[in-house]
Amino acid sequence: MTDIVFTGARLLDPATGLDAPGDLLVRNGLILDHGPNLSRPEGAEIVAAEGACLAPGLVDLRAAIGEPGAEHRETIASAAAAAVAGGITTLCALPDTEPALDDPALVQFVLRRGEATGSITLLPYAAATKHCEGKEIAEYGLLLEAGAVGFTDGRRAIGHARTMRLALSYARAFGRMVVQHPEEPGLAAGGAATEGELATRLGLPGIPAAAEAMLVQRDISLARLTGGHVHFAHVSTGAALDLIRAAKAEGLAVTCDTAPPYFDLNETAIGDYRTYAKLSPPLRPEADRLAVVAALQDGTIDAIASDHQPRDADDKRLPFAQAEAGGAGLATLLGVTLARVHGGDLPLLQALGLLTARPAALLGLPIGRLAKGATADLVLFELDRGWQVKAGSLPGKAQNSPFDGRALEGRVIGTWKSGRRVFAI
Amino acid sequence: MSFSFPILPDGHLLAIEGLEPPHIGALLDLAESYALLNRQGKTQRDLLKGRTLINLFFEDSTRTRTSFELAGKRLGADVINMSVSNSSVNKGETLIDTATTLNAMHCDLLVVRHAQSGAPALLSQKVSASVINAGDGTHEHPTQALLDALTIRRRKGRLEGLVVAICGDVLHSRVARSNIHLLTAMNARVRVIGPPTLIPAEAARLGVEVFHDMKAGLAGADVVMMLRLQRERMTGGLVPSSREFFRFFGLDREKLGWAKPDAIVMHPGPMNRGIEIDSAIADDPECSVIGEQVEMGVACRMAVLDVLARDLRRNV
């Protein structure tokens with residue numbers, strides 16, 4: 001394998017706070033060295049970064065993929081294509097597929113399909129409960145041996161308190177987190193938008209925002225009871241974030257992520273019944289969006305995940321309440337996060353940390369860093385390069401971006417997986 | 001009657017929300033003139049001559065469909081009724097498929113009723129016809145609000161400053177939403193009255209006063225508008241029983257006595273007698289204007305078709 005030297009890059013490593021111009025040398029798929037004016041080994045491939053940002057490849061904590069069972073929406077190969085175009089080199093796949101990933105053989109299948117892409121590390125979650133039905137806990141030990149990265153029922157909340165208690169208790173023995181879709185299912189049933197003035201005007205059945213805080217509150221109590229690690233996905237309300245902030249201060253094993261729609265959009269995006277903006281949880285009022293930004297700033301939120309949910313036209317070209325919830329998010333993860341940097345809400349390194357070192361720490365994996373000796377998973381992006389999100393011409397199969405039409409600054413121009421270039425603009 | 005400005009600028013009537021008071025006033029004036037013509041037995045069969053109006057009803061309705069049919073025929077349109085039963089929807093034909101079919105038929109005016117909020121708006125993006133919302137889910141029923149406003153205006157001489165109480169299942173009512181938008185735009189004082197489980201979230205943000213007690217809510221009311229208790233949509237026991245509902249929110253002689261002595265009583269129909277309204281009130285010509293509402297319905301729909309047809313001519 002030829003050596004690669006990135007020259008004249010702005011090196012960014014959130015794990016160490018590095019933000020300096022310099023070169024980076026890759027040998028045998030590993031980061032050999034980085035710093036100012038590195039010597040260039042003979043025969044090395046030179047990548048002239050010309051001031052572009054070179055950072056660890058992004059670690060996406062949460063993405064649904066249609067494979068197995070809904071390959072018409074997205075396959076592992078098409079998701080990988082979208083991921084690398086977004087600078088993502090490690091992708092955690094949700095298990096609420098068809099069939100659900102509740103069997104070691106299925107976990108191994110997804111792992112193998114991920115390896116076959118050659119472009120990303122695909123880490124499957126295993127089902128927290130059998131068939132993701134929320135009743136009986138799955139075979140955590142065997143699923144971990146097969147390569148599962150954690151446990152969750154994906155888009156389905158584990159609604160039963162006793163089941164969640166057992167899941168947290170049992171997973172604790174293996175030191176893994178249980179990821180919850182925090183929405184009280186009984187209260188949210190049948191809803192299509194956040195309950196409030198807008199849903200009333202549009203005549204849409206509402207989901208009270210309190211449905212999120214209710215389940216967060218319950219699961220924090222269960223984390224206290226069991227000592228287990230609960231991780232709340234795509235947290236979207238100020239009330240839930242206040243509870244999580246307090247639980248962290250108490251020292252409980254409670255963590256959370258959010259997804260770009262919840263800090264970039266508010267509920268008005270569904271005006272005129274725009275089904276691409278129908279998400280689960282639903283978009284919230286502006287006050288909640290601001291609370292999410294504040295929780296990104298103060299560190300309450302541990303990671304930003306794409307929460308990629310591929311849907312096709314037949315899922316979305318329906319009256320709003322009948323349309324499927326979910327938005328494509330892989331290709332826009334970095335760009336929408338950088339909008340908060342350009343908007344002055346987050347320093348660049350802190351924003352990147354939420355996409356690299358911090359989610360890696362949640363997974364307990366030595367990735368998402370520019371450390372010498374680490375795997376050369378890298379993203380090269382131009383911080384100020386403008387582009388427009390256009391549904392229909394996004395990489396991958398899924399085109400259901402809630403950011404359709406959004407102008408963004410910050411574009412990935414190259415992605416490397418273990419030192420091999422897997423994306424070039 | 002001619003207007004110096006487009007009354008329905010986007011070429012459809014999908015909602016009352018967003019219409020400006022002069023537009024609403026102009027529609028009501030035009031409808032008033034049609035009401036007069038209808039009473040005189042005169043028709044204007046040349047206005048929509050050669051135009052095709054399709055009544056596309058995904059939900060059962062007799063009176064609204066008939067009213068649009070009559071309105072279309074009185075203006076000379078070729079009227080086709082299409083009832084799309086739930087069974088054929090369940091066979092997999094989507095709204096978009098239906099739109100494609102209708103486009104191929106070159107229909108000019110499309111009247112749509114659908115159980116889903118926003119369905120007519122979705123159709124309007126996919127068809128070349130002018131779309132008229134004849135009731136979508138729990139969103140809006142714009143022609144009902146127009147006919148209610150015309151009825152009130154004829155009885156009370158104005159809309160501005162009147163106290164209008166809308167009572168009952170406001171949560172599931174597209175009639176209530178359209179009436180709230182129209183009446184508040186015309187500076188009436190609108191109240192909604194019902195149990196908290198049947199009042200939509202943040203209803204006050206629509207510019208209405210919210211009451212959970214009929215006595216307080218009806219005090220000083222010029223108009224008492226009863227809503228159908230949408231039992232077929234009621235999931236999860238939002239009220240414990242119909243007898244409890246009638247006891248506290250059904251309109252009878254005693255409760256009507258709390259409103260102004262000359263208050264009029266309205267109902268969009270079909271009525272659940274003995275649940276939201278007592279027959280003695282519904283059938284009392286002294287206070288009930290329910291029959292006149294139906295009459296004004298035809299006139300208002302003629303006005304809407306007329307206005308949209310003017311735009312069609314403009315586009316030819």
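These numbers come from a predicted model, not from an experiment. (Residues numbered from 1 in each chain as written. Chains lettered and ligands numbered in written order. Predicted model: local features only at pLDDT ≥ 70, side-chain atom pairs only at ≥ 80, totals over all residues. Heavy atoms only, no water.)

A. Spatial organisation of the overall build of chain A. What chain A contains, in helices and strands, is 14 helices and 19 strands. Compactness check: chain A gives a C-alpha radius of gyration of 21 Å against a globular reference of 22 Å for 425 residues, within 12% of the reference. The dimensions of chain A, computed from C-alpha atoms along their principal axes, are 65 × 45 × 45 Å. The buried share of chain A, reckoned over its 425 residues, is 61%. Long-range pairs, those at least 24 residues apart, make up 75% of the contacts in chain A between residues at least 6 apart in sequence. When the accessible surface of chain A is totalled, it reaches about 14900 Å², and 50% of it is carbon and sulfur. Separation of charge centres in chain A, based on 39 positive and 49 negative side chains, amounts to 1 Å. (Helix = DSSP H or I, 4+ residues; strand = E, 2+ residues; numbered from the N terminus. Rg over C-alpha atoms; globule rule 2.2 N^0.38 Å. Buried < 20%, exposed > 50% of the residue type's maximum accessible area, 1.4 Å probe, protein only. Contact = heavy atoms within 4.5 Å. Areas by Shrake-Rupley, 256 points an atom, 1.4 Å probe, with all protein chains shown as cover. Lys, Arg positive; Asp, Glu negative; His and termini not counted. Charge placed at Lys NZ, Arg CZ, Asp CG, Glu CD.)

B. Region of interest: the overall build of chain B. The helix and strand tally for chain B stands at 12 helices and 9 strands. Here chain B holds 316 residues, and the buried ones make up 60% of them. In chain B, once contacts between residues fewer than 6 apart in sequence are set aside, the share between residues at least 24 apart is 75%. Carbon and sulfur atoms make up 50% of the accessible area of chain B, which amounts to about 12900 Å² in all. Computing the positive centroid from 36 side-chain charges and the negative centroid from 36, chain B places the two 3 Å apart.

C. Summary view of the packing of aromatic side chains. Tallying each qualifying case throughout the model produces 5 aromatic pairs over all chains. Their ring planes at 15° and their centres at 4.0 Å tell us that A:Y140 and A:F151 sit as a pair that is stacked. Here A:F151 lies in strand β10 (residues 151-152) and A:Y140 lies in helix α3 (residues 140-146), a separation of 11 residues in the sequence. Each member of the pair, A:Y140 as well as A:F151, is classed as buried. Here B:F245 and B:F249 contribute two aromatic rings whose centre-to-centre distance is 5.8 Å and whose plane-to-plane angle is 35°, an arrangement assigned as tilted. Placement of the pair is B:F245 and B:F249 together in helix α9 (residues 242-249), with a separation of 4 residues, close to one helical turn. On the accessibility criterion, B:F245 (3% relative accessible area) is buried. Taken together through their ring pairs, the aromatic side chains of A:Y140, A:F151, A:Y170 and A:F174 make up a single cluster. (Phe/Tyr/Trp six-rings, centres within 6.5 Å; stacked < 30°, edge-to-face > 60°.)

D. Inspection of the interface of chain A and chain B at higher detail. Each partner contributes to the interface: chain A provides 15 residues, whereas chain B provides 21 residues. Between chain A and chain B, roughly 1500 Å² of surface is buried when both sides are summed, and carbon and sulfur atoms account for 58% of that area. For the interface between chain A and chain B, the tally reads 2 salt bridges. A salt bridge links B:R205 to A:E197, with the shortest nitrogen-to-oxygen separation between them at 3.1 Å. (Buried area = accessible area lost by both parts, 1.4 Å probe. Salt bridge = Lys/Arg side-chain N within 4 Å of Asp/Glu carboxyl O.)

E. The arrangement of the pattern of salt bridges in detail. All names here are of chain B. Tallying each qualifying case throughout the model produces 42 salt bridges over all chains. With a closest N to O distance of 3.8 Å, K255 and D252 form a salt bridge. The partner of R273 in a salt bridge is D283, and the shortest N-O contact between them spans 2.9 Å. You can see R273 sitting in the loop between β9 (264-266) and α11 (279-282) and its partner D283 sitting in the loop between α11 and α12 (290-315), a full 10 residues away along the chain. The class for R273 is partly exposed, based on a relative accessible area of 42%. Judged by relative accessible area, which is 49%, D283 ranks as partly exposed. One network of salt bridges, in which partners are shared, links D29, E32, R153, R154, R155 and E292.

F. The arrangement of the sheet that holds β9(B) in detail. Residue and element names in this part refer to chain B. The strand order β7-β6-β5-β8-β9 describes an open sheet built from 5 strands, whose pairing is parallel. Single-partner strands in this sheet number two, and they are β7 (209-211) and β9. Strand-to-strand twist across the sheet, computed as the mean angle between neighbouring axes with direction ignored, equals 20°. Here 3 bridges tie strand β6 (residues 189-193) to β7, and the two strands are oriented parallel to one another. Paired with I193 across the strands is F211, a residue of β7. Strands β8 (223-226) and β9 of the sheet are contacted by helix α6 (residues 142-156), whose axis makes an angle of about 165° with β9. (Pairing = 2+ DSSP bridges. Axes fitted to C-alpha atoms, helices over the stretch in contact; angles between N-to-C directions.)

G. Here's a closer look at the sheet that holds strand β6 (residues 58-63) of chain A. All names here are of chain A. Reading across the sheet, the 3 strands line up as β6-β7-β8 and stay open at both edges, with parallel pairing between neighbours. Each end of this open sheet is capped by a strand with a single partner; those strands are β6 and β8 (121-124). Pairwise comparison of adjacent strand axes, ignoring direction, gives a mean angle of 20° for this sheet. As paired strands, β6 and strand β7 (residues 88-93) are joined by 4 bridges and run parallel to one another. Its bridge partner being in β7, V59 is matched across the sheet by T90.

H. Layout of the UniProt feature "binding site: carbamoyl phosphate" (unreviewed entry) in chain B. All names here are of chain B. UniProt feature "binding site: carbamoyl phosphate" (unreviewed entry): in the numbering of this structure it lies at R63, T64, R113, H141, Q144, G269 and P270. Within the secondary structure, Q144 is located in helix α6. Residue Q144 is classed as buried on the basis of its relative accessible area of 6%. With near-sequence residues (within four places) excluded, Q144 lies in contact with V175, P268, Q293 and R301. Considering the arrangement of structural elements, one finds G269 in the loop between β9 and α11. (UniProt positions renumbered as here; feature names shortened; annotations may be inferred.)

I. Molecular detail of the UniProt feature "domain: Dihydroorotase catalytic" (unreviewed entry) in chain A. According to UniProt, the feature "domain: Dihydroorotase catalytic" (unreviewed entry) maps to residues 53-237 of chain A in the numbering used here. Secondary structure content for residues 53-237 of chain A is 38% helix and 18% strand, and the end C-alpha separation is 32 Å.

J. Representation of the packing of helix α8 (residues 238-249) of chain A against helix α10 (residues 286-297) of chain A within the structure. Residues and elements named next belong to chain A. Contact geometry of α8 with α10 gives a least axis separation of 8 Å together with a crossing angle of 25°. When the axis of α8 is compared with that of α10, the two are roughly parallel. Contacts between α8 and α10 involve G238, L241 and R245 on the former and, on the latter, D288, A291, V292 and A295. Broken down by class, the residue content of the contact of α8 with α10 amounts to 4 nonpolar, 1 polar and 2 charged. (Parallel < 35°, antiparallel > 145°, perpendicular 65-115°, else oblique. Nonpolar A, V, L, I, M, F, W, Y, C, P; charged D, E, K, R; others polar.)

K. The arrangement of the UniProt feature "binding site: L-aspartate" (unreviewed entry) in chain B in detail. Residue and element names in this part refer to chain B. Under the local residue numbering, the UniProt record ascribes the feature "binding site: L-aspartate" (unreviewed entry) to K91, R174 and R228. Along the chain, the position of R174 falls in helix α7 (residues 174-185). By relative accessible area, R174 is classed as buried at 9%.

L. Helix α12 (residues 333-342) of chain A, seen in detail. Residue and element names in this part refer to chain A. Burial runs high along α12: 9 of the 10 residues are buried. Among the residues of α12, L333, L334, G335, V336, T337, L338, A339, R340 and V341 are the ones counted as buried. Two residues or fewer after α12 comes G344, characterised by a positive phi angle close to 85°.

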